[in-house]
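For reference, the chains in residue letters:
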Amino acid sequence: MIAIDQEKLQKLVEEYKADFKENIPLELYKWEAAKHFQDNWNIDAEDFPAMLSRSLSKTANLLASMSNFPRKMIEKYATLYTEEIKELFSILFDESLDLKERIDTFIAGIEQVHKKWDVKGGRNHYQTFNVVSTYLWLRYPNKYYIYKPSVAKILFDKLGIEIKLTPLKANAVIKTYELYDSISNHLLEDQELKAMFEEVITPSCYPDNLMRTATVDLGYYLKKKKATTVTSSKATEKKYWMYAPGENASKWERCLKQNIICIGWDSLGDLSEINSLEGCKDELKDRYNNPDSSFMNDGLAVWEFSHVMQPGDVVYAKQGLSCIIGRGIVKSDYIYDSSQKNYRHTRKIEWTHIGKWELGNIVQKTLTDITKYPDYVKKIEAMIVEGKTEEA
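Residues numbered from 1 in each chain as written. Predicted model: local features only at pLDDT ≥ 70, side-chain atom pairs only at ≥ 80, totals over all residues. Heavy atoms only, no water.

### Quick look at helix H11 (residues 191–200)
Phase 1 of the analysis: Those residues of H11 lying buried are Leu193, Met196 and Phe197. An end-on view of H11 places all buried positions within 95 degrees of arc, on one side of the element. Structural note: H11 exposes Gln191, Glu198 and Glu199 on the side pointing more than 90 degrees away from its buried face. (Buried < 20%, exposed > 50% of the residue type's maximum accessible area, 1.4 Å probe, protein only. Helix = DSSP H or I, 4+ residues; strand = E, 2+ residues; numbered from the N terminus. Arc of directions from axis to C-beta.)

Put into structure tokens, the structure is as follows:
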């Protein structure tokens, strides 16, 4: 366990209790998922793939969120490579072995299986430390927890504990478990909170007598609260945006053909499900398994493209750092186009001007709000719309 500031922790617990009745009905699926797994798991089942699928069937967004598909992939592997996956779970769940060794062995084994399936390369197996910790929690919910990097980082930060999780790899799971052990022990002493749980836990829920899942839920609550404190920065006035249609304008032809603008970061899935800039940055930290990065520029681009940009805004498409190749008017709200192979985040646009205008010193980022530079905007508008050169 890790020594923690009990006063700081209790303040977080009081926040959690204050919103408990409103939030807990939406979160009981965690306790139900653990119970369902306990009721169905049998590694010696005659049909292992079917048993695995049944055991994981109530995990919901714990093993599938937006375009992140760990459950789908582990079920596929279990069907195609049954004995290998069965053996990996057998090792992962073997309590006689060192925990770090079990986690590393599972991920290394998955990578080997994945190479056999993904012959051409470029696909994702989604079996991250977060996912492996979820399997451990499902199997031993009275001992382990769900390790989600962005959630763990929030708890470490709020309790005044400095730590960089990413370089620790499997040890990040273990360090988080040590912190969570200390938190769960604290929760066990809170009789009011225990009584609140007793009122809502049903027979379909894992009883959670040691408050392990309650500890997980406390972290998720704090992450959700952090995300919702930052509100949308939408404004009513027309904005002007500098936009890169892919690296070196690699998506420009698609933008012209489909009358759209589009950006990457496809692993985030449907951005309409994210409700704040902080939420965008947290999702990027999770998807790229780098909770210590700020993801400031990436997060801002994703957030502004999906939530701040509005119909009527003006977009300048650029190529490189010196050339504008198009001007358009935004015609739709954000659209997540799952039919596309990549660059699925889109908006409809009417391209009003197509050509090449040398500007020089264009900002490097994918998307930049240049509204706050009115002289710069005026210069671009004069060059493109009115056909004036800088000298004119």
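### Points about the pattern of salt bridges
Phase 1 of the analysis: Scanning the model with the defined rule gives 22 salt bridges in all.
Phase 2 of the analysis: A salt bridge links Lys225 to Glu15; its shortest N-O distance comes to 3.1 Å. Of this pair, Lys225 sits in helix H12 (residues 212–228) while Glu15 sits in helix H1 (residues 6–18), and the two are 210 residues apart along the sequence.
Phase 3 of the analysis: The class for Glu15 is partly exposed, based on a relative accessible area of 28%.
Phase 4 of the analysis: Its salt-bridge partner being Asp181, residue Arg212 comes within 3.8 Å of it at the nearest N-O pair. One end of the pair, Arg212, is in helix H12; the other, Asp181, is in helix H10 (residues 170–188), and 31 residues separate them in sequence.
Phase 5 of the analysis: With a relative accessible area of 12%, Arg212 lands in the buried category.
Phase 6 of the analysis: One network of salt bridges, in which partners are shared, links Glu14, Lys17, Asp190 and Glu192. (Salt bridge = Lys/Arg side-chain N within 4 Å of Asp/Glu carboxyl O.)

### Points about the confidence of the model for the chain
Phase 1 of the analysis: Here the chain averages 90 in pLDDT, and 95% of its residues register 70 or above.
Phase 2 of the analysis: Looking across the chain, the model is least confident in helix H14 (residues 277–287), with a mean pLDDT of 85, and most confident in helix H6 (residues 82–92), with 98.
Phase 3 of the analysis: Ignoring residues within four places in sequence, the model shows residues 230–235, a span with pLDDT below 50, making 10 contacts including any to other chains. (pLDDT = per-residue confidence, 0-100. Contact = heavy atoms within 4.5 Å.)

### Considering the packing of helix H5 (residues 70–80) against H6
Phase 1 of the analysis: Relative orientation of the contacting elements H5 and H6 amounts to 120 degrees, with a least axis distance of 5 Å. With respect to each other, H5 and H6 are oriented oblique. Along the contact surface, H5 presents Ile74, Tyr77, Ala78, Thr79 and Leu80, while H6 presents Thr82, Ile85 and Phe89.
Phase 2 of the analysis: Residues of the contact of H5 with H6, tallied by class, amount to six nonpolar, two polar and no charged. (Axes fitted to C-alpha atoms, helices over the stretch in contact; angles between N-to-C directions. Parallel < 35°, antiparallel > 145°, perpendicular 65-115°, else oblique. Nonpolar A, V, L, I, M, F, W, Y, C, P; charged D, E, K, R; others polar.)

### Notes on the side chain of Thr134
Phase 1 of the analysis: Of note, Thr134 is situated in helix H8 (residues 129–139).
Phase 2 of the analysis: Looking at Thr134, its side chain comes within polar contact range of the main-chain oxygen of Asn130, at 2.9 Å.
Phase 3 of the analysis: Ignoring anything within four residues of it in the chain, the contact list for Thr134 reads Leu62, Leu63 and Ile146. (Polar contact = N/O pair within 3.5 Å; in protein donor to acceptor, adjacent residues only side chain to side chain.)

### Brief notes about the nonpolar core
Phase 1 of the analysis: Within the largest apolar cluster, 81 residues are counted, with the highest numbers of intra-cluster contacts made by Ile74, Ile85, Phe89, Tyr135, Leu179 and Ile183.
Phase 2 of the analysis: The next biggest cluster of nonpolar side chains, apart from the first, holds 32 residues, and it includes Trp265, Ala301, Ala317 and Tyr334. (Core = buried A, V, L, I, M, F, W, Y, C linked by side-chain atoms within 4.5 Å.)

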